[in-house]
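Here are the chains, one letter per residue:
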Amino acid sequence: SNKEDLYGKERDFLKYPGLYNLTTVYSCGKVNINTAPYFILRALDSSIDDILAREIIEYRKEHPFHSINELISVEGVDADLIYRLNFVADVKSCFFKIHMKLKDSNGIVLNLIVIYDRAHRKIINRKVY
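This write-up is about the structure you can find in this document.

What to know about helix α4 (residues 50–62)
Next, step 1: Those residues of α4 that sit buried are Leu-52, Ala-53, Ile-56, Ile-57 and Arg-60. Summarising the axial view, the buried residues of α4 lie within an arc of 140°, below the 170-degree limit, and thus occupy one face. More than 90 degrees from the buried face of α4, the exposed residues found are Ile-51, Lys-61 and Glu-62.
Next, step 2: Buried residues along α4 sit against α3 (38–44) and α5 (79–85).
Next, step 3: The opening residue of α4 is Asp-49, an N-cap whose side-chain oxygen sits 3.3 Å from the backbone nitrogen of Ile-51.

Considerations on the nonpolar core
Next, step 1: Within the largest apolar cluster, 21 residues are counted, with the highest numbers of intra-cluster contacts made by Ile-33, Leu-41, Ile-68, Leu-71 and Leu-85.
Next, step 2: Where this core is concerned, the elements lending two or more residues are α3, α4 and α5.

Side note on the sheet that holds strand β5 (residues 95–103)
Next, step 1: Pairing within the open sheet is antiparallel, and its 3 strands lie in the order β5-β6-β7. Looking along the sheet, the strands with just one partner apiece sit at the ends: β5 and β7 (122–128). The sheet shows a mean angle of 20° between the axes of neighbouring strands, taken without regard to direction.
Next, step 2: Alignment of strand β6 (residues 109–117) against β7, held across 6 bridges, turns out to be antiparallel. Directly across from Val-114, in β7, lies its bridge partner Arg-126.

Overview of the pairing of β6
Within a regular beta strand, the side chains point alternately toward one face of the sheet and then the other, so they alternate between its two faces.
Next, step 1: Looking at chain direction, β5 and β6 are connected through 9 bridges and run antiparallel. Bridging from a neighbouring strand, Met-100 pairs with Leu-112 of β6.
Next, step 2: Counted along the chain from β5 to the antiparallel partner β6, the turn is 5 residues long, and its residue Gly-107 has a positive phi close to 90°.
Next, step 3: Adjacent in sequence and paired antiparallel, β6 and β7 are bridged by 4 residues, among which Arg-121 carries a positive phi angle near 50°.

Rules used throughout
- Residues numbered from 1 in each chain as written.
- Predicted model: local features only at pLDDT ≥ 70, side-chain atom pairs only at ≥ 80, totals over all residues.
- Heavy atoms only, no water.
- Buried < 20%, exposed > 50% of the residue type's maximum accessible area, 1.4 Å probe, protein only.
- Helix = DSSP H or I, 4+ residues; strand = E, 2+ residues; numbered from the N terminus.
- Arc of directions from axis to C-beta.
- Contact = heavy atoms within 4.5 Å.
- Polar contact = N/O pair within 3.5 Å; in protein donor to acceptor, adjacent residues only side chain to side chain.
- Core = buried A, V, L, I, M, F, W, Y, C linked by side-chain atoms within 4.5 Å.
- Pairing = 2+ DSSP bridges.
- Axes fitted to C-alpha atoms, helices over the stretch in contact; angles between N-to-C directions.

So this is what it looks like as structure tokens:
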């Protein structure tokens, strides 16, 4: 359903995040391959299957990418994929979505969502609930 696509779902004991948890409306137009979650990596190109998405995630833990071209070091990535990714991916983000959940000793929960603009070094949106 559309609601599950937005907020996530659980199937067979697996939790799938929704788009709300993975994206922000603020963008430079490209996905950061150093921080993109599994599902976003899978969506970047039809040749990024389950195995390749996991390989990228494992590789970047030890070797953050400084250029899209460095993806060639990941087994399963070829020059054609790198060419296609140059249009949709980058190695750093212009904006960050930060979501913090704070809980006090009485069980009261406070959520804070902040959008941070790296280029201008400022918070451009925040929501507390």
